[in-house]
Amino acid sequence: MPKRLSCDNSKCIACGACMTACSTLFFKVDDPKRSCIRIEQNGPEIDMSVCNQTCRLCVAECPVKALTVSPQGVVMLDRKLCVGCLACVAVCPTGAMRHYPGLANPFKCIACGACARKCPTGAIGIVVEE
Amino acid sequence: MITVNGSPHPWHDGMTVRKILEEKRYTFPLLVVRIDGRLVPRSDYGETTVPDGADVDVMHLMSGG
Amino acid sequence: MTDTGFDVAGLKASHRPVSEFRYEKRPVVAGYNDRTLYVNVGDGRIAEKPVSADTRAKFTGGKGYGLKLLWDAVTPATKWNDPENEVNIATGPVGGNTNYPGSGKSIVVSISPTTGIPIDCNVGGYFGPFLKFSGFDALELQGRAERDVIVYIDGDEGVVKIFEAPGEAVDSHVLAEQMVAMFARDENDRQHISSVSAGSGAENSLIGCLNFSFYDKRRKVARLKQAGRGGIGTVFRDKKIKAVVVKYSSLDVTSNNPADLAKLQETGLKLHREIIELDDQQCRMREIGTAHLTEIMNEYDLLPTCNYKFGSSPDAEGINSHAFSAIVTHGLPDGCWYGCTMACAKAADGFELATGPYKGHKVTVDGPEYETVAGCGANIGVFDPRVVLELNFYCDTYGIDTISFGTSTAFIMECWENGILDSDRTGGLEITWGNGPAALELLHRIGRGEGFGLVAGLGVRRMKAYFAEHYGADPKFLQDIGCECKGLEYSQYVSKESLAQQGGYSMALKGPQHDEAWLIFMDMVNNRIPTFEDKAEALYYFPMFRTWFGLQGLCKLPWNDIEPADNASTDEPAKVPEHVDNYLAIYKAVTGNDLDREGLIRQSARVYNFQKVFCIRMGKGRRIDDLPPYRMVGPVTVEEYESRADRYDKQLREQVGVDPSGMDTPAKIAALRAYREDRYEKLQDAVYKRKGWTREGIPTIETLQDLGIDYPEVVEVVKPLL
Ligand code: SF4
Ligand code: SF4
Ligand code: SF4
């Protein structure tokens, strides 16, 4: 079973530190739109959205097999193979396969844990399911 | 009597859009149904009843290779 | 099949270089290279040609470019098998885009062996896009080689080579695998190779098709899409070309260098989402492709059965979409080009062949598409899905058009039924309705170029003449039941009850293929276009609109085989306005140029009228050439009339104004025929007028001027006829 990010929205305070950590790590900018994890305040609710690593609909949809499952069970995107068709973005039921307008390839959470380390309340963590 | 796509068609009590499609054997999936000019959403075909004398338009969008 | 099956080194050792051409690699700019590639397999010349600003402005790309190059290459006297005839392949400016569904089509044009006029086919596979990204907006193949050659375009290195290739297979399912094995470095490199090839049947018949390959990474098979109509495969083999291969390894969204990538992505993503959300309630293209149509056509009495005599059969269930759905492999991203989430390119895997030279082989069979199910199924009385698949496989690998094969075989079967053919004349084949094994054996004989196979491979028009001359058959009857127009076999819809579709078919420039217009529902079921003028307007708009796909390198299917959830509430749902706007948006996002709906129609109208004049230049394209065989218009035989007697009697009473009671069937047939043929003539008048043509179907000088295609050599063609 996969290694993935677990989210507990009862602990989340929507400070955005995780999004800063993620987008800075991968895109060298602090921009929530380029973060793999997305936190949104929705009235009183806080929505936390990130890849569950389990449904793998994107993997089945990719015409060039740019999406594969790593030995740890993480869905990985190989940008060298990707042709940017965005089928994976459309098919992802949780919106966790991200697209940023004008970027050639989509991007997604690889369960590296960088965001979890910056979370002040412990709302995010890495879990490895049996 | 009602009119379906310009031709007369017998009417009966409680007739729904779905029933008309069955009677006319309109099995094509891409249909646009209007009763006296009013659009009927696909999801309502089962509930929407058709009054006697109605002018029903069942437009088949073309398809095909 | 894997490369271990081929002795690639041995094949390579047998190659003999003919010529080589190096070119400067340049990136595509906003969808265009502004140069084309010329290859003469006869004398080995290879050259690049610039595309003039005028050509680009008037012909746009794709089919427009193909036709312009062909026009310049031939004369009015050119026959299909003259070396100067060409096979031209081009995608358009939008072609090769990877994120709007249906953006990978190639358009092929040539002077057709069966019609003698330009034919055009819109085909999937990777070739056209790879050709463009290798540096060329179009490829011209001219000349005739003495021995079999392969043309190889290496878009990575910027080299084009012609070499003699005596060892490679001719049949496409083997040859396409050989090409992949030969030119790919490793498994991952295979998807960078695409080939165009024909087959042994294309050598021995006039109804040859071309196969465009696309490597399927999951199945590990080089799959094939067909440029089917009009015998282009026959021209290709006449030139002694075994294959044209292209390699391009760096495909991504920037290969086409679009002017506005973000907008392109936004539009593509919108359509992807629409397809993924709605397709399973609409056309089920992702599940079974166009084969979803079989039961619908059967239900509406439109599925050609026994040479278009009837529009349905109680046995049609045997070949409906569920029968094929049980055989094809599901859940794979079956796009014929990257980014097509319609994914209609279905395939059955591990299909064991029961007949022919590959008997016992387990193969991947592409399709079947609706046209093949109807043509190689119901129309020849076959309702066994495995026979349909086997016919489909062999047609493809032999390089035979499934539509022309189906319509020709249906004609043969009806000739058999009427005593025109017997087993002496067919070399022992009992070619009767529904005889699947006989149909397969006939196909193998076409493949081998043997006996009656040689006659069948001539297509319906030439068979009519042959049967009249050699077997004393009644030419009038043959004309009535032989479903061809201009020399091209009809595609697979019954048009008897739709006057507009009769026109859509027989006024189509290249011959009766439904890709110009499919108006049966609009006309016959919806009753939306009752007057001649209404029908003429539809026969203006839809052919113009649909021509545009061929200019751009687009597939028609994602236009209207999926519709937005709110399409019904738009003012013209049949046009799918939101999708039309998507096309304008992606055109602008790729090329950077604004285009409105009117401008789109103008782009098409230029090329459409140019093609019309081209047909006239080659000796067809006049009013008399647009007359359908009566089978496509109304009931020819007593059996046919009586099978739908209520319908026809009612029409006699209500439309013709004749009382059928007391009339015998032949008299009723005659009365209905006079009425219908008269209406067809009236439709011709209305359509020609709407298109800006004379009553004889000739574009007027004003029409040509208005479109800006009044080139002296174009005007010269029409002038004597005005
Ligand atoms: S990216 Fe989306 S589709 Fe892919 S595994 Fe994660 S949640 Fe599923
Ligand atoms: S965008 Fe890239 S990763 Fe996603 S489906 Fe297309 S090719 Fe695969
Ligand atoms: S809809 Fe089908 S034929 Fe058209 S591009 Fe997509 S996969 Fe190819």
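Residues numbered from 1 in each chain as written. Chains lettered and ligands numbered in written order. Predicted model: local features only at pLDDT ≥ 70, side-chain atom pairs only at ≥ 80, totals over all residues. Heavy atoms only, no water.

Peer 1: I keep staring at the site of ligand 1 and nothing clicks. Help me out?
Peer 2: Near ligand 1 the following residues occur: C51(A), N52(A), C55(A), R56(A), L57(A), C58(A), V75(A), C92(A), P93(A), T94(A), M97(A) and K108(A). A class-by-class count of the residues in the shell around ligand 1 yields eight nonpolar, two polar and two charged. (Near = heavy atom within 4 Å. Nonpolar A, V, L, I, M, F, W, Y, C, P; charged D, E, K, R; others polar.)

Peer 1: Honestly, the interface of chain C and chain B in this entry has me stumped. Any pointers?
Peer 2: Interfaces are often described in size by the accessible area the parts lose on coming together. Across the boundary between the two partners, chain C contributes 30 residues, which contact 21 residues of chain B. When chain C packs against chain B, close to 2400 Å² is buried across both sides, 56% of that on carbon and sulfur atoms. Of all residues in chain C, E299(C), Y300(C) and N526(C) bury the most surface against chain B, accounting for 21% of the area lost on that side. Connecting chain C to chain B are three salt bridges. Note that E299(C) and R25(B) form a salt bridge whose closest N and O atoms lie 2.5 Å from each other. The interface formed by chain C and chain B contains ten residue pairs in polar contact (both at pLDDT 80 or more). Secondary-structure elements contributing two or more residues to the side of chain C that touches chain B are α10 (293-299), α20 (520-525), α21 (532-552) and α22 (557-560) of chain C. Grouping the constituent residues of the side of chain C that touches chain B by class yields 14 nonpolar, ten polar and six charged. (Contact = heavy atoms within 4.5 Å. Buried area = accessible area lost by both parts, 1.4 Å probe. Salt bridge = Lys/Arg side-chain N within 4 Å of Asp/Glu carboxyl O. Polar contact = N/O pair within 3.5 Å; in protein donor to acceptor, adjacent residues only side chain to side chain. Helix = DSSP H or I, 4+ residues; strand = E, 2+ residues; numbered from the N terminus.)

Peer 1: Can you help me understand the site of ligand 2 in this one?
Peer 2: What surrounds ligand 2 is a group of 13 residues, the closest being C62(A), C82(A), C85(A), L86(A) and C88(A). Taken together, the residues of the shell around ligand 2 sort by class into twelve nonpolar, one polar and no charged.

Peer 1: Mind showing me how you'd approach unusual backbone geometry here?
Peer 2: In most cases, non-glycine residues show a negative phi, while peptide bonds are predominantly trans. Here the phi dihedral of K65(A) falls at roughly 55 degrees; this positive angle occurs in a residue that is not glycine. The residue K65(A) is located in the loop between α2 (57-61) and β4 (67-69) in this model. In the Ramachandran plot, N527(C) falls in the positive-phi region, its phi being about 60 degrees despite a non-glycine side chain. Relative to the elements of secondary structure, N527(C) occurs in the loop between α20 and α21. Classification of N527(C) as partly exposed rests on a relative accessible area of 39%. (Buried < 20%, exposed > 50% of the residue type's maximum accessible area, 1.4 Å probe, protein only.)

Peer 1: What's the story with the domain arrangement of chain C in this structure? I'm lost.
Peer 2: Residues and elements named next belong to chain C. Annotation of chain C at the domain level lists domain 1 (26-247), domain 2 (289-489) and domain 3 (499-562 + 596-721). Taken together, the contacts link 48 residues of domain 1 with 43 residues of domain 2. When the two sides are added together, the surface that domain 1 and domain 2 hide from each other amounts to roughly 3600 Å², 54% of it contributed by carbon and sulfur. Of all residues in domain 1, the largest losses of buried area upon contact with domain 2 belong to I207, R219 and R229, amounting jointly to 21% of the total for that side. Between domain 1 and domain 2 we count six salt bridges in total. Here E369 makes a salt bridge to K225, at a shortest N to O gap of 3.1 Å. The leading source of residues in the side of domain 1 that touches domain 2 is strand β12 (residues 221-227), at five residues. A per-class count over the side of domain 1 that touches domain 2 returns 17 nonpolar, 23 polar and eight charged. (Domains from an automatic or database assignment.)

Peer 1: Quick question: what am I supposed to make of helix α19 (residues 499-506) of chain C here?
Peer 2: Spacing of three or four residues puts side chains on the same side of an α-helix, whose turn is 3.6 residues. Residues and elements named next belong to chain C. For α19, the tally of buried residues reaches eight of eight residues, placing the bulk of the element in the interior. Taken residue by residue, α19 has L499, A500, Q501, Q502, G503, G504, Y505 and S506 as its buried positions. Among the structural elements, β16 (484-485), α20, α21 and α27 (665-691) are those in contact with the buried residues of α19.

Peer 1: Teacher, can you tell me more about the pattern of salt bridges here?
Peer 2: Opposite charge on two side chains lets them pair, provided their charged atoms get close. All names here are of chain C. Under the criterion given, the structure shown has 68 salt bridges over all chains. A salt bridge links D581 to R597; the shortest N-O distance between them is 3.1 Å. With D581 in helix α23 (residues 577-591) and R597 in helix α24 (residues 597-617), the pair connects residues that are 16 residues apart, well separated along the chain. Note on R597: relative accessible area 41%, which makes it partly exposed. Where salt bridges share partners, they join D216, R219, R223, D334, K346, D349 and D366 into one cluster.

Peer 1: When you look at the arrangement of the chains in this model, what are you seeing that I'm missing?
Peer 2: No other pair of the two pairs of chains in contact has as many contacts as chains B and C. With no contact between them, chain A and chain B keep their nearest C-alpha atoms 23 Å apart.

Peer 1: Help me understand the pairing of strand β10 (residues 193-197) of chain C in this model?
Peer 2: Regular strands place side chains that alternate from one sheet face to the opposite one. All names here are of chain C. Among the five residues of β10, five are classified as buried, and the element is accordingly described as predominantly covered. Burial of β10 is two-sided: the residues I193, S195 and S197 facing one way and the residues S194 and V196 facing the other way are all buried. In this sheet, strand β11 (residues 210-216) lies alongside β10 in antiparallel orientation, the contact comprising two bridges. By the bridge assignment for β11, S197 is matched with N211. (Pairing = 2+ DSSP bridges.)

Peer 1: Sorry if this is basic, but what is going on with the packing of helix α14 (residues 402-417) of chain C against helix α17 (residues 460-471) of chain C here?
Peer 2: All names here are of chain C. The N-to-C vectors of α14 and α17 enclose an angle of 25 degrees; their axes lie 10 Å apart at closest approach. The orientation of α14 relative to α17 falls into the category roughly parallel. Read as a crossing pair, α14 and α17 show a hand that is right-handed. Across the interface between the two elements, T407, S408, F411, I412 and C415 of α14 pack against V460, M463, K464 and F467 of α17. Looking at the contact of α14 with α17, its residues break down into six nonpolar, two polar and one charged. (Axes fitted to C-alpha atoms, helices over the stretch in contact; angles between N-to-C directions. Parallel < 35°, antiparallel > 145°, perpendicular 65-115°, else oblique. Left-handed = near helix turned anticlockwise from the far one by under 90°.)

Peer 1: Looking at this model, I keep getting lost on the packing of α21(C) against α24(C). Mind explaining?
Peer 2: Between two packed helices, the angle of one axis relative to the other and the distance separating the axes together describe the packing. Residue and element names in this part refer to chain C. Viewed as axis vectors pointing N to C, α21 and α24 meet at an angle of 85 degrees, and their least axial separation amounts to 8 Å. When the interaxial angle is binned, α21 and α24 end up roughly perpendicular. Listed contacts from α24 to Y540, Y541, P543, M544, F545, T547, W548, L551 and Q552 of α21 are L600, I601, Q603, S604, A605, V607 and Y608. Counted by class, the contact of α21 with α24 contains twelve nonpolar, four polar and no charged residues.

Peer 1: For this particular structure, what's the right way to read the state of the cysteines?
Peer 2: Should the sulfur atoms of two cysteines be covalently bonded, the bond is a disulfide. Residue and element names in this part refer to chain C. Scanning the model with the defined rule gives zero disulfides over all chains in all. You can see C306 has no disulfide; the closest cysteine sulfur is in C483, sitting 12 Å from it. For C306, a relative accessible area of 13% corresponds to the buried category. (Disulfide = S-S within 2.5 Å.)

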